[in-house]
Each structure stands twice: as structure tokens, then as C-alpha cells.
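Reading the structure
Listed here are the chains, written in short residue letters.
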Amino acid sequence: MAIVAGWLVGTVARAMRVTPQGRVLILDVPEWPGNLAGQHLDLRLTAEDGYQAVRSYSIASFGDGHSVELAVDELPDGEVSPYLVQDVEPGDMLEVRGPLGNFFVWRDSQTEPVQLIAGGSGIVPLVSIARAHRAAASTAKFRMLYSVRAPEDAYYASELEGLVDDSFALDWVYTRTAPVGFARTAGRITRADIEASTLPVADNPLVYVCGPTGFVEAVARILVDLGHPAERIKTERFGGS
Amino acid sequence: MAVFSRGFGARRRESDPELPPGQYLTEDFPVLSAGPTPRIDTADWSFSITTESGAVTTWSWDELMALPIEDVHTDIHCVTRWSKLGTSWRGVSLDTLFADIDTSDAYTMIESYGGYTTNVPLEDLQGGKAWIAFEFDGEPLDPEHGGPARLLVPHLYFWKSAKWVHGIRMHSDDDPGFWEQNGYNMYGDPWKEQRYW
Ligand SMILES: Cc1cc2nc3c(=O)[nH]c(=O)nc-3n(C[C@H](O)[C@H](O)[C@H](O)COP(=O)(O)OP(=O)(O)OC[C@H]3O[C@@H](n4cnc5c(N)ncnc54)[C@H](O)[C@@H]3O)c2cc1C
């Protein structure tokens, strides 16, 4: 897993609009070496005149095989994400390099309790971790807290609901619009939310936090304030403020 | 030869010849760190250099501030592909801090509050190439960006510019630091695109 090869050609196999701003892309990458749950890749686009742009994307799929799943959220003024969300179609080609990152990963040999906390598209590497947990029939205690603007903005909502069982709990935070009858009023994630809806310090969980930089900063700070040791908190910051 | 991505040309930005290969320009200041942001009060802050003989030279915040402070204008390049041009920093040159240090080791391990480490050859820290920086754009450095002080070694990818810097330990060999053990290049020259293993 240590060798990062050069750029690999990928063909878009499927492109599915899953939220008002986002798509899931399934790439077929014949030379893909497989990846651990939680890793990311670099994706490169090349224009006809040779101009290139590269961005990082987390990988929602894990394990062996040459099918690589991404979920991309469109940033209105972006260069790459609007192309991936609006323009690219099955049959189109692009390039990827990876898998990258050996730190924000979960291996099925891990047995300790795990708390996953995602904001927006930050769910992508955590979905792959949740999938790996299920695929391994791991009994490690998992709990996920997913913060989204509104119900329709959630990626993988029904799949995640389907994972809920004795060893996987799922909690939601809605920042702008909560579903009818949802107990919590819409608003940004707070210390009280984290206290109420995540594994306590006493469980000594390993915590994975992923999302826009501002979200990760806020959540990681609350976790430290609550007494989680900094070395038990793994973060992946997607950018933005 | 790269494959073309159909229709991407319509979305492309202008390319910038000042940028190393594979980088794009940003006006923001993105953040790459593996864990929570440590918060260190300058009253508790210290910086030390430890040599192979075990000798430790330590500076408190006030002692650092009493040293000659330099203005640094430089481009910075992050391995996650963003670059910023013409950023302004203030800090103390590593030449000043190493002036009275007696070592024959050629490598260093930079150590940070929070436990992160990164390896840099000593010669890359000397000769006006590296600083302990505590001001960015005229303001005290935000904790998110490594405040109260970070290493600034801008000719290498920015993960080498360790945030929340706490000390430097001399090493006889080029041992990998935290990011280097987790997939990043040992040296990290952006102009040679030394991103990963
Ligand atoms: C390790 C890693 C994994 C990532 N995984 C994913 C993923 O799974 N899905 C996904 O959709 N994105 C992911 N991202 C973000 C992605 O790499 C791009 O930054 C994003 O798609 C925007 O690129 P762009 O070219 O459209 O925008 P750009 O043209 O780069 O930027 C447009 C504007 O938006 C700002 N900006 C950049 N990124 C963000 C952000 N994340 N939030 C808010 N503002 C931003 C820029 O500073 C700029 O002002 C990941 C980033 C990293 C570092």
C-alpha cells in the first residue's frame, strides 16, 4: 500500500445526482490497486490545450477492485467541482492518483469504539469506514454524527440508516432545515449536541472528524474541551473557511 | 500523455507560470493537519534545539522576541495543491537560533506541540531559508495556521513548515517524521513535485 503509482486513467462508469448540489461518480480504473477505508485520491483534469487542474477527493469505496466511488459537492465558483457535478458524463475520461493518506484510515483489525463525525461532503471517507465496518461484520462499537444543511443535502442517507444496528448508531444535526417533527431545532453543531449524541470520553473512542475546515476546527475544539485526548482525534479538512 | 477530459476547457482558469507544477492559486489559507488544533499560550511556549551531545538550548517567548526579527515575503506551496503568492511573515531566522549551536549532525527532526514531527536537512534551515514565524499578514499567527509560532521553510512543501513548533532535535540520519511516515515525500521540493513516496 506504500507505493503511489503515477496517474491512472479512469472512465466515468456512472454519474448519479444524489443531492441538489452533489453527485456520486463511479469510476472504472483498470489499474487501481485497491484502497483502505478512509483514504483519498488526487483527480486530474486536462483541457484540450494541455491545461491541467488537480483536486483531492475522498474515496467512498474500499478494498480491492477497480471500481472507485466518489461523491462531489459543487462549489459555485469552483473550477473542478462544477465540472464533476454538472458536465462529466459516463464514458468521459479523467485521471487519478492514489490511494493517498495512511493516517485517516480504519482497518478491520481495530476493535476499539469509534465515533465518526461528518459535515456535508465530509461524509465520504466516513461512509467508506462505515461500509468496511459492516463488511467485516465488526462488533467494534460505532457511532456516527452527520451534520447537513437540510435532509435533502445528505449523501448516502438511506444507506446509512440501513447500517444502524447494535454496533452502529446514527445521529443527525440539521443546520438550516430540520425534518418535520425532528426534536432539535436547526442550527450549527454545538457542544451540547456533541455531548448528547456522541460516544463519551469514558468509552475512550477513536474519533474521526471530516468536513469543511471550519466545521472540523469547531468540532475538534469541542471534543478537546470535553476531555477527548488530542491523539484520539483524527481529522480530515476539505478546505474552505 | 494525459487523457483529455471532454469539455473541461470551458471551465479552466488561467494558468500561472509562477506556480510549481500541479499547483493552483488560492486567495484563502487552507489548513492541513491530522488532528485538533493545539492552543498554546505564549506564556507557556518555549522553543529548544537539542544536539547529539544532549545539550539543550531553550528560548522562552520573550527571549525569542528579543532576537532580531525579519520580514519575510515569500510564496508558499501546499502538497494538497494550493499555492499563495507573496505572503508576508515576521519571524526569527534559524541562522540566528543556530548561531551558537555546536553540532555535526546533518539532519533535523522538527517537533511540534501536539506531537507532530517532520524531518528537514539542516542545510535547508540555514542560509536565510527558514524562520520561526509568529506573524502573518501583520497579525499574530492564528492557532489554526500554527500560532503562536510555526517553522517557515517556504522552499519546501508547506507541511515541512511545522505548525505549533516546539523544538528541533539534531539527527545523524534522515529519519521520517509524522507526515513522511504517512505517505509524504522525505524532502518535498515543490518544483520537482516531490509530493509522495
Ligand atoms: C483530503 C481531501 C479530500 C477531499 N474530499 C472531497 C470529497 O470527497 N468531496 C468533495 O466534494 N470535496 C472534497 N474535497 C475538496 C476538493 O478537493 C475541492 O477543494 C473542492 O471540490 C473544490 O474544488 P473546486 O475546483 O471546485 O474549487 P476551487 O476552484 O478550488 O475553489 C473555489 C472557492 O472555494 C473555496 N473552497 C475550496 N474548497 C472548499 C471547500 N471544501 N469548502 C468550501 N470552500 C472551498 C476556495 O478557496 C475558493 O474560494 C477534499 C479535499 C481534501 C484536501
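The present account deals with the structure reproduced in this document.

Rules of the game
- Residues numbered from 1 in each chain as written.
- Chains lettered and ligands numbered in written order.
- Predicted model: local features only at pLDDT ≥ 70, side-chain atom pairs only at ≥ 80, totals over all residues.
- Heavy atoms only, no water.
- Near = heavy atom within 4 Å.
- Polar contact = N/O pair within 3.5 Å; in protein donor to acceptor, adjacent residues only side chain to side chain.
- Areas by Shrake-Rupley, 256 points an atom, 1.4 Å probe, with all protein chains shown as cover.
- Core = buried A, V, L, I, M, F, W, Y, C linked by side-chain atoms within 4.5 Å.
- Buried < 20%, exposed > 50% of the residue type's maximum accessible area, 1.4 Å probe, protein only.
- Helix = DSSP H or I, 4+ residues; strand = E, 2+ residues; numbered from the N terminus.
- Contact = heavy atoms within 4.5 Å.
- Pairing = 2+ DSSP bridges.
- Axes fitted to C-alpha atoms, helices over the stretch in contact; angles between N-to-C directions.
- Buried area = accessible area lost by both parts, 1.4 Å probe.
- Salt bridge = Lys/Arg side-chain N within 4 Å of Asp/Glu carboxyl O.

Observations regarding the site of the ligand
In the region of the ligand, 25 residues are neighbours, and A:Ser56, A:Tyr57, A:Ser81, B:Arg13 and B:Asp28 sit closest. Flanking the ligand are residues from chains A and B. A distance of 2.6 Å separates an oxygen atom of the ligand from a polar backbone atom of A:Ser56. A total of 910 Å² of accessible area belongs to the ligand in isolation, and the protein chains cover 82% of it.

Some remarks on the nonpolar core
Membership of the largest hydrophobic core comes to 52 residues, with the highest contact counts inside it found for B:Trp89 and B:Ile132. The element that contributes the greatest number of residues to this core is strand S8 (residues 131-136) of chain B, accounting for 5 residues. Sequence-distant contacts of B:Ile132, that is, excluding residues within four places in its chain, are made with B:Trp45, B:Phe47, B:Leu64, B:Arg90, B:Gly91, B:Val92, B:Leu94, B:Leu97, B:Ala149, B:Arg150, B:Leu151 and B:Val165. A:Phe104, A:Tyr174, A:Leu206 and A:Cys210 belong to the second largest nonpolar core, which has 34 residues in total.

Considering the sheet that holds strand S6 (residues 107-112) of chain B
Residues and elements named next belong to chain B. Taking strand neighbours across the sheet as the criterion, the 5 strands line up as S3-S2-S11-S6-S7 in an open arrangement whose pairing is mixed. Across the chains shown, the open sheet's two edge strands, defined by having one partner strand only, are strand S3 (56-60) and strand S7 (117-121). Strand-to-strand twist of the sheet, defined as the mean angle between neighbouring strand axes without regard to direction, takes the value 15 degrees. Pairing geometry for S6 and strand S11 (residues 165-171), over 6 bridges, is antiparallel. The residue bridging Met-109 from the neighbouring strand is Arg-169, located in S11.

Quick notes on the interface of chain A and chain B
Each side of the interface is counted separately: chain A has 45 residues, and chain B has 29 residues. Summed over both sides, the interface of chain A with chain B buries roughly 3500 Å², with 52% coming from carbon and sulfur. At the junction of chain A and chain B, the tally comes to 3 salt bridges. Salt-bridge contacts for A:Asp92 lead to B:Arg6; the nearest nitrogen and oxygen are separated by 2.6 Å.

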